[in-house]
Amino acid sequence: MNESKRVEIAWPGLGITVAAELDQRNAALAQCFWDALPYRSLQGHALVAGHHLYHVAPVHSLLHAPAEYRVDRRTVPDGTLFCSRLQHLGIKYGELTEPMTATPIGQVVAEDLDALIEAGREVWRSVYTTKEPVIAEVRRAGQPGGHKLPRLPVGDPELNDLIAEVHAETERIWLDPPRELVDLHAGRIPSRAGSYETVLTTLLFVNGETRPLGYSCYGGLVRAAIDGMPLPWLRQMTRQLAHTPAEFLGYCGLDTLWGFTKRLMDDLERLNSHVDFMSAMAHMALYCNCLGGWNLHLFPWQAGDNLRRVEAMA
């Protein structure tokens, strides 16, 4: 990768843009990210780890690209950029508490760190309080912005049609909240899920199932296929890992996800090559990760405002 790979990360709604230089620490990962530019995505904020921004990047190869150089996120400079196998672009802008290793790909330039901190605070306000979405635009420096979601073909015609629908739905909800999640967060739940008419409990369980379905199940299946797991095992693992959480999420209101999942389960035997299997699972991962991002944004975190961390007594 050339040394002069500079990117701009803009939040037009905030009037803030920062520049960053990609580097060689994880060159293959950085190249995957560079090749996918430009794109737009809903900007999220860490809810547990500390002062950290992240958003879902529409880059299928992030699920499996090699990344050998790892660091403890707590120890690296503010402004460090990371790409992860959760399909995230992350940016540290202050103190982090989670002892998690991560794969850096670049660094925000020093003169833009104050602007990055301002963006971080505004995004936190968006996620925690106002619920007004903040959209990030990531582009090559000096070049126009834009947006596209990559489409991976599947050889079997019937499954290719399914994945085309998954791709179209992902595009539809990428920058606009899914109606099903909006209804759910407003308490409009056709199945009446939520004991004693509660809604918060249902929201909590939906969040707890959606994130690992994308991160661990479908992302993990892509990596297992890359590692050469035999197709019969891959198909069996898909049935074991994906069916139950998707069925539960359908009961809670995510009917589109459950519909896609049922069709995928019915046609798994048609996935008779590793390439087709990876393509199908990559699209399911991106769709679930998009749902997860919106769910984290819409979740009423301020409901727990009276619960604050206290320091342990000596």
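To be clear, the structure that these remarks concern was listed above.
Parameters and conventions
- Residues numbered from 1 in each chain as written.
- Predicted model: local features only at pLDDT ≥ 70, side-chain atom pairs only at ≥ 80, totals over all residues.
- Heavy atoms only, no water.
- Helix = DSSP H or I, 4+ residues; strand = E, 2+ residues; numbered from the N terminus.
- Rg over C-alpha atoms; globule rule 2.2 N^0.38 Å.
- Buried < 20%, exposed > 50% of the residue type's maximum accessible area, 1.4 Å probe, protein only.
- Areas by Shrake-Rupley, 256 points an atom, 1.4 Å probe, with all protein chains shown as cover.
- Lys, Arg positive; Asp, Glu negative; His and termini not counted.
- Charge placed at Lys NZ, Arg CZ, Asp CG, Glu CD.
- Phe/Tyr/Trp six-rings, centres within 6.5 Å; stacked < 30°, edge-to-face > 60°.
- Expected span 1.5 Å × (residues − 1).
- Arc of directions from axis to C-beta.
- Pairing = 2+ DSSP bridges.
- Salt bridge = Lys/Arg side-chain N within 4 Å of Asp/Glu carboxyl O.
- 1 Å grid on protein atoms, 1.4 Å probe; cavity = no way out; pocket = protein on both sides within 12 Å on 5 of 7 lines; lining within 4 Å.
- Points joined across faces, edges and corners; volume = space filled by probe spheres on them.
- Nonpolar A, V, L, I, M, F, W, Y, C, P; charged D, E, K, R; others polar.
- Core = buried A, V, L, I, M, F, W, Y, C linked by side-chain atoms within 4.5 Å.
- Contact = heavy atoms within 4.5 Å.

1. Digging into the overall build of the chain
Right, on to step 1. When you go through the chain residue by residue, the secondary structure sums to 8 helices and 11 strands.
Right, on to step 2. Computed over its C-alpha atoms, the radius of gyration of the chain comes to 20 Å, within 12% of the 20 Å expected for a compact globule of 314 residues.
Right, on to step 3. Taken over the C-alpha atoms alone, the chain extends approximately 55 × 50 × 45 Å along its principal axes.
Right, on to step 4. Taken across its 314 residues, the chain has 51% of its residues classed as buried.
Right, on to step 5. In the structure as shown, the chain presents an accessible area of about 14,600 Å², 53% of it carried by carbon and sulfur atoms.
Right, on to step 6. Looking at the chain, you have 29 positive and 37 negative side-chain charges, and the mean spots of the two groups are 1 Å apart.

2. Points about the packing of aromatic side chains
Right, on to step 1. With the rule as written, the count across this model stands at 5 aromatic pairs.
Right, on to step 2. Ring centres of W124 and Y128 lie 5.0 Å apart, and the angle between their planes is 15°; this geometry places the pair in the stacked category. Taken together, the residues W124 and Y128, both in helix α2 (residues 113-130) and 4 residues apart, mark about one turn of the helix.
Right, on to step 3. Overall, the relative accessible area of 30% leaves W124 in the partly exposed class.
Right, on to step 4. With a relative accessible area of 13%, Y128 lands in the buried category.
Right, on to step 5. Note on F260 and Y287: the rings are 5.5 Å apart at their centroids and 75° apart in plane angle, and the pair reads as edge-to-face. Remark: Y287 occurs in helix α8 (residues 274-298) and F260 occurs in helix α7 (residues 255-266); sequence separation between them is 27 residues. Y287 shares its class with F260; the two are buried.

3. Considering α2
Right, on to step 1. Here α2 contains 18 residues, and its C-alpha end-to-end distance of 24 Å stays within 8% of the 26 Å for a straight helix at 1.5 Å per residue.
Right, on to step 2. Buried residues of α2: L116, A119, G120, V123, S126, V127 and Y128, and no others. For α2, the buried positions fall inside an angular range of 165° around the axis, keeping them on one side. Opposite the buried face of α2, at more than 90 degrees from it, the exposed residues are D114 and R121.
Right, on to step 3. Looking one or two residues past α2, K131 carries a phi angle of roughly 65°, positive in sign.

4. A short note on the sheet that holds strand β1 (residues 6-11)
Right, on to step 1. Pairing in this open sheet of 9 strands is antiparallel, and the strands run β3-β11-β1-β2-β10-β7-β8-β5-β4 from one edge to the other. Only two strands of the sheet have a single neighbouring strand rather than two, namely β3 (39-42) and β4 (44-45).
Right, on to step 2. Bridging between strand β5 (residues 50-56) and strand β8 (residues 88-96) involves 6 bridges; their strand directions are antiparallel. Residue G50 lies in a different strand from β8, and its bridge partner there is L96.

5. Considering the pattern of salt bridges
Right, on to step 1. According to the stated counting rule, one finds 19 salt bridges in the structure shown.
Right, on to step 2. Here R239 and E269 are joined by a salt bridge, their closest N and O atoms 2.8 Å apart. Residue R239 is located in helix α6 (residues 231-252), and its partner E269 is located in the loop between α7 and α8; the two are separated by 30 residues in the primary sequence.
Right, on to step 3. With relative accessibility at 30%, the residue R239 sits in the partly exposed group.
Right, on to step 4. With relative accessibility at 51%, the residue E269 sits in the exposed group.
Right, on to step 5. Residues joined in a network through salt bridges with shared partners are E8, R40, E137 and R139.

6. Re empty space enclosed by the protein
Right, on to step 1. The full count for this structure, using the stated rule, is 1 cavity of 30 Å³ or more.
Right, on to step 2. What the largest cavity holds in volume is close to 200 Å³.
Right, on to step 3. Around the largest cavity, the lining comprises 20 residues; the ones closest to its centre are L42, G44, V56, G293 and W294.
Right, on to step 4. Where the lining of the largest cavity is concerned, the elements lending two or more residues are β3, β4, β5 and α8.
Right, on to step 5. In terms of residue count, the dominant contributor to the lining of the largest cavity is α8 (7 residues).
Right, on to step 6. Residues that form the lining of the largest cavity fall into these classes: 10 nonpolar, 10 polar and no charged.

7. Looking at the nonpolar core
Right, on to step 1. Counting 51 residues, the largest nonpolar core has L213, Y218, L257, L264, L271, F277 and M281 as its most contacted members.
Right, on to step 2. Of all the secondary-structure elements, those providing two or more residues to this core are α3 (157-173), α4 (179-185), α5 (200-226), α6, α7 and α8.
Right, on to step 3. The biggest single contributor to this core is α8, with 14 residues.
Right, on to step 4. In contact with L213, not counting residues within four places along its chain, are Y218, L241, A242, P245, L249, L257 and C288.

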